[in-house]
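Listed below, chain by chain, are the residues.
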Amino acid sequence: MNQVLPAIRSYLFFSLFFGLCYPLAMTGISQVFFPHQAGGSLIEQNGKIVGSRLIAQKFESPRYFWPRPSSQDYNPQPSGGSNWGPISADLKKQVGEREVKLKAAHGNLEIPQDLLFASASGLDPHISPEAAFYQAGRVAQARSVDPNQIHQLVEGQVHGRQFGFLGEPTVNVLELNLALDRELSGVK
């Protein structure tokens, strides 16, 4: 019995501290110092929220750049990868289907790997610059514009390495597609 009361007190203290006080403090600090990120990095256009910089959206029209594949069909609730390994027949089948779709839309160009494989979260909003340039011809043709316009637009949307040395250059697909609509709004 002499060990039960200290254990109960410790349980109550740690439950209150780590279950209530600490999360509230972190939420408050993030709201004060990083309000945009804490609010979900939402993108607003014409007074309407159109998405988040942090979560991929499904784009299938040839007029838009396509994101990385998602094992969760771009649903943020059960985000996660498929957890299929390199010898998985299901993964090989999915990659084969993606390859057929991409070759039908882009010809026999070499397909960037990030358009064949889903990210670990299944919701990565970024693609490589190579994946964006790979799709530029299709988008230009679907919008009946000069491919150089699309290439310039992509170049303007490339984000370099974080802090100049972390990660790889990326392109946010939602931001690229919004810029595409904004820049080519008068072009049919």
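Refer to the preceding data block for the structure.
K.L.:
I'd like a rundown of the sheet that holds strand E4 (residues 158-159), residues and numbers included.
P.N.:
Two strands in a sheet stick together by hydrogen bonds in their backbones, pointing the same way (parallel) or opposite ways (antiparallel). Within the open sheet, the three strands sit side by side as E3-E5-E4. Their pairing is antiparallel. In this open sheet, the two edge strands, each paired with only one partner strand, are strand E3 (126-127) and E4. The pairing of E4 with strand E5 (residues 170-172) spans two bridges and is classified as antiparallel. Each residue of the ladder has a partner; that of His159, found in E5, is Thr170. In this fold helix H6 (residues 173-183) packs onto E3, E4 and E5, with an angle of close to 60 degrees to the strand it touches most, E5.

K.L.:
Explain helix H5 (residues 147-157) residue by residue, including any values.
P.N.:
Every buried residue of H5 is accounted for by Ile150, Leu153, Val154 and Gln157. Buried residues along H5 cover an arc of 100 degrees about the axis, so they all sit on one side. In H5, the exposed positions angled more than 90 degrees off the buried face are occupied by Gln152, Glu155 and Gly156. The inward-facing, buried residues of H5 abut helix H4 (129-143), E4, E5 and H6.

K.L.:
How would you summarise the packing of H5 against H6 if you had to cite specific residues and measurements?
P.N.:
With their axes 10 Å apart at the nearest point, H5 and H6 run at an angle of 135 degrees to one another. Classed by the angle they form, the pair H5 and H6 counts as oblique. At the point where H5 passes H6, the crossing takes the right-handed sense. Each of Ile150, Leu153, Val154 and Gln157 in H5 lies in contact with H6, whose residues at this interface are Glu175, Leu176, Ala179, Leu180 and Glu183. Classifying every residue of the contact of H5 with H6 by side-chain character gives six nonpolar, one polar and two charged.

K.L.:
Describe the packing of H4 against H5, with residues and values.
P.N.:
Angle between the axes and distance between the axes: these two values describe a pair of packed helices. Contact geometry for H4 and H5: axes closest at 9 Å, N-to-C directions at 145 degrees. Classified by chirality, the crossing of H5 by H4 is right-handed. Across the interface between the two elements, Ala132, Phe133, Ala136, Val139 and Ala140 from H4 touch Pro147, Ile150, His151, Val154 and Glu155 from H5. Each residue belonging to the contact of H4 with H5 can be placed in one class, and the counts come to eight nonpolar, one polar and one charged.

K.L.:
Let's hear about the environment of Pro6: which residues, and what values?
P.N.:
Note that Pro6 resides in helix H1 (residues 4-33). For Pro6, a relative accessible area of 35% translates into the label partly exposed. It is 44 Å that separates the C-alpha atoms of Pro6 and Asn75, two residues lying 69 residues apart in sequence.

K.L.:
So, unusual backbone geometry: which residues are in play, and what are the values?
P.N.:
Positive phi, normally seen in glycine, also occurs at Ser41, with a value near 50 degrees. Relative to the helices and strands, Ser41 is located in the loop between helix H2 (35-38) and strand E1 (42-45). Classification of Ser41 by relative accessible area gives buried; the value is 5%. Located in the positive-phi region is Tyr74, a residue other than glycine, with phi close to 65 degrees. Within the secondary structure layout, Tyr74 lies in the loop between strand E2 (48-52) and helix H3 (89-106).

K.L.:
Run through a nonpolar patch on the surface, naming residues and quoting values.
P.N.:
A cluster of nonpolar side chains, namely Phe13, Phe14, Phe17, Phe18, Tyr22, Met26, Ile29, Val32, Phe33 and Phe34, defines an oily patch on the protein surface of about 1,100 Å² accessible area. Structurally, Phe33 is set in helix H1. Classification of Phe33 by relative accessible area gives exposed; the value is 61%.

K.L.:
So what's going on with the nonpolar core? Which residues, and what values?
P.N.:
Within the largest apolar cluster, 29 residues are counted, with the highest numbers of intra-cluster contacts made by Phe65 and Ile150. Of all the secondary structure elements, the ones that give two or more residues to this core are H3, H4, H5 and H6. Every residue in contact with Ile150, bar those within four places of it in the chain, is listed here: Phe65, Ala136, Val139, Ala140, Val145, Leu180 and Leu184.

Cut-offs and rules
- Residues numbered from 1 in each chain as written.
- Predicted model: local features only at pLDDT ≥ 70, side-chain atom pairs only at ≥ 80, totals over all residues.
- Heavy atoms only, no water.
- Pairing = 2+ DSSP bridges.
- Helix = DSSP H or I, 4+ residues; strand = E, 2+ residues; numbered from the N terminus.
- Contact = heavy atoms within 4.5 Å.
- Axes fitted to C-alpha atoms, helices over the stretch in contact; angles between N-to-C directions.
- Buried < 20%, exposed > 50% of the residue type's maximum accessible area, 1.4 Å probe, protein only.
- Arc of directions from axis to C-beta.
- Parallel < 35°, antiparallel > 145°, perpendicular 65-115°, else oblique.
- Left-handed = near helix turned anticlockwise from the far one by under 90°.
- Nonpolar A, V, L, I, M, F, W, Y, C, P; charged D, E, K, R; others polar.
- Patch = residues over 30% accessible without salt bridge, like charges linked within 9 Å, V, L, I, M, F, W, Y side chains within 5 Å.
- Areas by Shrake-Rupley, 256 points an atom, 1.4 Å probe, with all protein chains shown as cover.
- Salt bridge = Lys/Arg side-chain N within 4 Å of Asp/Glu carboxyl O.
- Core = buried A, V, L, I, M, F, W, Y, C linked by side-chain atoms within 4.5 Å.

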